[in-house]
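# Coordinate inspection notes
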Amino acid sequence: MAGIGFALRKLARRDDLLGVLQGYAHSAFITSGPWMFTILALAGMNFIGRDLVGMEELSLFRVVVIYNFCFSVVFTGPLVLIATRYLADAIYAKEIDVAPGMLLATLGLAYGVAALTAGPFYLLFSGLPAPILLGGLVNFFLVCGIWVVSIFLSALKDYLSVTVAFGLGMSGGVVMTAALGSLFGAAGMVWGFSLGLAGIQFGLIARVFAEYPYKVARLFSFLAYFRRYWDLALIGLVANLAVWSDKWVMWFVPEREVVSGAMIIYTAYDSAMFVAYLTILPALTLFTVNIETRFFEHYQGFYRDIQQHATYDQIARNHRSIIAALLESGRNLIILQGAVCAVTIFLAPAIVGALGLHYQQIGMFRFGTLGAFFQVLFLFCTVILAYFDLRMRNLIAQALYLAANAGFTLFFSKLGFAWYGYGYFLSSLLAFLVGYLMVADAVRRLPYFTFVANNPSVR
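A quick note: this is a predicted structure, and the numbers were derived from the prediction, not measured.

So, how was this worked out
- Residues numbered from 1 in each chain as written.
- Predicted model: local features only at pLDDT ≥ 70, side-chain atom pairs only at ≥ 80, totals over all residues.
- Heavy atoms only, no water.
- Helix = DSSP H or I, 4+ residues; strand = E, 2+ residues; numbered from the N terminus.
- Buried < 20%, exposed > 50% of the residue type's maximum accessible area, 1.4 Å probe, protein only.
- Contact = heavy atoms within 4.5 Å.
- Areas by Shrake-Rupley, 256 points an atom, 1.4 Å probe, with all protein chains shown as cover.
- Expected span 1.5 Å × (residues − 1).
- Bend = angle between axes of the 7 residues up to and from the residue.
- Phe/Tyr/Trp six-rings, centres within 6.5 Å; stacked < 30°, edge-to-face > 60°.
- Polar contact = N/O pair within 3.5 Å; in protein donor to acceptor, adjacent residues only side chain to side chain.
- Pairing = 2+ DSSP bridges.
- pLDDT = per-residue confidence, 0-100.
- Core = buried A, V, L, I, M, F, W, Y, C linked by side-chain atoms within 4.5 Å.
- Axes fitted to C-alpha atoms, helices over the stretch in contact; angles between N-to-C directions.
- Parallel < 35°, antiparallel > 145°, perpendicular 65-115°, else oblique.
- Left-handed = near helix turned anticlockwise from the far one by under 90°.
- Salt bridge = Lys/Arg side-chain N within 4 Å of Asp/Glu carboxyl O.
- Patch = residues over 30% accessible without salt bridge, like charges linked within 9 Å, V, L, I, M, F, W, Y side chains within 5 Å.

## Side note on the overall build of the chain
Counting its regular elements, the chain contains 16 helices and two strands. Across the 459 residues that make up the chain, the buried fraction comes to 53%. Within the chain, counting contacts between residues at least 6 apart in sequence, those at least 24 apart form 78% of the total. For the chain, the exposed surface amounts to about 19,700 Å²; the carbon and sulfur share of it is 70%.

Here it is, written out as structure tokens:
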């Protein structure tokens, strides 16, 4: 993401307010496009759908969208991370002609995963009417495709095209959902939403082929990376399981709703957490535009000088500059996200009322905001671990987060409604503390990791 971050930073540093707004707006879509689109679309549909269809049909639409997004990101997680690593290595080696074939192959594999997972579930366990069932399957395929195409977003320096694709897809999806929903109920809403997703997916695919006008070749050459980077594939699976584990646990509390067949959900918890997630957008945009780009400059200088046989004094200076950059960036990030978190918690009753949520959700929303604060800090710790290629540490941190999020949420769910949200908050806090200690140790001993512990020739 540092590659497109430099382009956005240049835009944001333009000597006018519009440049700043454009830089951070583009960053929001590029870093958070798919899930931000989901949350905003669901919120919009909740407002519009109440006047178009009954609450039962609105619940059918909502459960299809939530199930599709959460399970698609889990099932495609290993594929996405392996393909991302392969594409990054190809760009570094200036072999970008592999991009078109890789895109087609990853899309085919993602669709295969969708057919093997969502297909049996919808057909055998969903209990949905046929029009909604077919629409849900199509929707699942499209969401899987968007996760795969998102691999190429940071490689596309044309951030305007990315923003336009998400913006038009989001707007068109809302309009078509409302139009078809008024005519065909929940089935129309699902198909209308899918049309918006199709616009995003195929718009981005067209942009990738325009950016990489090469012949389709070596379609499945990236599959060898699954053996070489098996731990990275596990990170892709475990990290996404960790993010969703608390929601799945909460789907079995006494207040849950059985919508259709085996499709259960707890709307109060999910909606409170989804809105809480929106508070991390400022931190994500700041990280992409300013923090990661600055860190990457020092990171690149450290390894470039080593490759050019720098002296020990120069390596030590570069090491200190990385530490200083991380400390200053971390401070700025905590101040920004902490301020957003504090204001959100203070204004929680007004926010909940304005969004049409129930006032009983205020407690869950506040703990969700606190949890999101620590989760985004944990995310940035794992990004730094990924930069230093400390995959096993990353995997351990993600596995701990998964166990803590599921375990704490299960424990507090047994204590009753007043405790809902505590598990997510405490698990995010614990994961951040462990992630921070791992990063601090790695950065402190960076020369040792570079020359010995993480050196392939030594291993």
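## Re helix α4 (residues 99–124)
Helix length check: α4, at 26 residues, gives a terminal C-alpha distance of 37 Å against a target of 38 Å (1.5 Å per residue), a fit within 8%. The principal kink in α4, of about 30°, is found at A118, preceding the proline P120 by one to four residues.

## Some words on the packing of aromatic side chains
Going through the model one piece at a time under the given rule, you end up with 33 aromatic pairs. Taking 6.0 Å as the distance between ring centres and 85° as the angle between the ring planes, the aromatic pair formed by Y266 and Y420 counts as edge-to-face. Here the residue Y266 occupies a position in the loop between β2 (263–265) and α9 (267–277), and Y420 occupies one in the loop between α14 (391–413) and α15 (422–444), the gap between them amounting to 154 residues. For Y266, a relative accessible area of 3% translates into the label buried. Owing to a relative accessible area of 3%, Y420 belongs among the buried residues under this scheme. Centre to centre, the rings of F302 and Y303 are 5.0 Å apart; their planes meet at 85°, and the pair counts as edge-to-face.

## Some details on the side chain of S260
Of note, S260 is situated in strand β1 (residues 257–260). Of note is the side chain of S260, whose polar atom sits 2.7 Å from the backbone oxygen of S126.

## Section: the pairing of β1
Here three bridges tie β1 to β2, and the two strands are oriented antiparallel to one another. What sits directly across from S260, in β2, is M263. Counted between consecutive antiparallel strands, the loop separating β1 from β2 contains two residues, among which G261 sits at a positive phi close to 55°.

## Let's talk about the confidence of the model for the chain
The predicted coordinates ought not to be read in detail in places where the model reports low pLDDT. Per-residue pLDDT for the chain averages 84, and the proportion of residues at 70 or more is 86%. Per-residue pLDDT, averaged within each element of the chain, yields its smallest value for helix α1 (residues 2–12) (48) and its largest for α14 (96).

## Description of the side chain of T279
For T279, the location among the structural elements is in the loop between α9 and α10 (281–307). You can call T279 buried: its relative accessible area is 8%. Filtering out sequence-adjacent residues up to four positions away, T279 remains in contact with Q337, V340, T344, T369 and A372.

## Section: the nonpolar core
The biggest cluster of nonpolar side chains holds 133 residues, and the ones touching the most others in it are F152, W251 and Y266. Top element by residues in this core is helix α3 (residues 55–92). It accounts for 19 residues. Apart from residues lying up to four places away in sequence, W251 is in contact with I66, Y67, C70, F71, R256, I264, I265, Y266 and D270.

## Some words on helix α8 (residues 230–250)
With 21 residues, α8 extends 31 Å from end C-alpha to end C-alpha; this agrees with the ideal 30 Å at 1.5 Å per step. Approximately 45° is the largest bend angle found in α8, and it occurs at W244. With 16 of 21 residues buried, α8 lies mostly within the body of the structure.

## Focus: the packing of helix α11 (residues 312–346) against helix α13 (residues 362–387)
Taken N-terminus to C-terminus, the directions of α11 and α13 make an angle of 165°; their axes are 9 Å apart at the nearest point. As judged from the angle between their axes, α11 and α13 are roughly antiparallel. As α11 runs across α13, the sense of the crossing is right-handed. Contacts from L326, L333, I334, Q337, G338, C341, T344, I345 and F346 of α11 reach α13 at F365, R366, T369, L370, F373, V376, L377, F380 and I384.

## What to know about the pattern of salt bridges
As enumerated under the stated definition, the model contains eleven salt bridges in all. For R85, the salt bridge goes to D89, with nearest N and O atoms at 3.3 Å. One end of the pair is R85 and the other is D89, both in helix α3 and four residues apart, which spans about a single turn.

## Topic: a nonpolar patch on the surface
A cluster of nonpolar side chains, contributed by L104, V216, L219, F220 and L223, occupies part of the molecular surface with about 390 Å² of accessible area. For V216, the position within the fold is in the loop between α6 (159–211) and α7 (224–228). What makes V216 partly exposed here is its relative accessible area of 42%.

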